[in-house]
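# Structural features, examined
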Amino acid sequence: MGIAIAFMNFKQRKKFWQFAWRQSRGRILLGAAVTLAVLVIVNMAGTGWWTNTEPVITFLTLAVACFIGYQQMREEWVEDHLPKKLTARYLHDGNEVMRCEKARLAGESDIRALTQQIGLQMADVDRLKFAVPDVDVSGPEISQDGTYVHYTATVHLTDLPSTLSPGKRRLWQYPFLQNGKYSFRDEDLD
């Protein structure tokens, strides 16, 4: 990481450090508060400079190791153990014309392909017309109950598929199949 930062220009470095501060502000402030508390306690003991400094350095090393361990365990839990779900939204002229909610997702790399396949099945067409670079993907977000990781993909259609009715939204939710058929339902746009 240090080499990557060295090759950044000033603007990129500034953005990186702003991002790092936003992501780690709580940990940095907690570490500073704990360090100050340890220094005050050690200083009140009235021993020499190195005797005061050594326990602080040792404690900081332990604290950093604990923070890194916690963060890596949490990252592994989110990436490898929680199921992933995708909500695919399809917009035309600013209106949501199709939405599939919480389809199972194998991995982050499948988002675009699964979004296209869902759209093809929902519209019952061979091809969707949209600007390929204009697909917005957001997430990952852990669900409120902590049971899955949620992603959202939004596709801006350039043409409304002929199988969809203007003024209606096609919705696809679990269960995705009923009696061997897709369980779409059309509802009026709000």
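Refer to the preceding data block for the structure.
What this report covers is the structure whose coordinates are included nearby. (Residues numbered from 1 in each chain as written. Predicted model: local features only at pLDDT ≥ 70, side-chain atom pairs only at ≥ 80, totals over all residues. Heavy atoms only, no water.)

The next subject is the layout of surface pockets. For the second largest pocket, the calculated volume is near 280 Å³. Together, Gln 71, Arg 74, Glu 75, Val 78, Glu 79, Lys 84, Glu 108, Pro 140, Ile 142 and Tyr 151 line the second largest pocket. Along the lines of polarity and charge, the residues of the lining of the second largest pocket split into 4 nonpolar, 1 polar and 5 charged. (1 Å grid on protein atoms, 1.4 Å probe; cavity = no way out; pocket = protein on both sides within 12 Å on 5 of 7 lines; lining within 4 Å. Points joined across faces, edges and corners; volume = space filled by probe spheres on them. Nonpolar A, V, L, I, M, F, W, Y, C, P; charged D, E, K, R; others polar.)

What follows concerns the sheet that holds strand β3 (residues 130-142). With mixed pairing, 6 strands are arranged side by side in an open sheet as β3-β4-β1-β2-β5-β6. If you trace the sheet from one side to the other, it starts and ends with β3 and β6 (181-188), each paired once. Mean inter-strand twist for the sheet, computed between neighbouring axes without regard to direction, equals 20°. In the sheet, strand β1 (residues 84-92) pairs with strand β4 (residues 149-157) via 8 bridges, with the strands oriented parallel. When the bridges of β4 are listed, Thr 87 appears paired with Thr 152. (Pairing = 2+ DSSP bridges. Helix = DSSP H or I, 4+ residues; strand = E, 2+ residues; numbered from the N terminus. Axes fitted to C-alpha atoms, helices over the stretch in contact; angles between N-to-C directions.)

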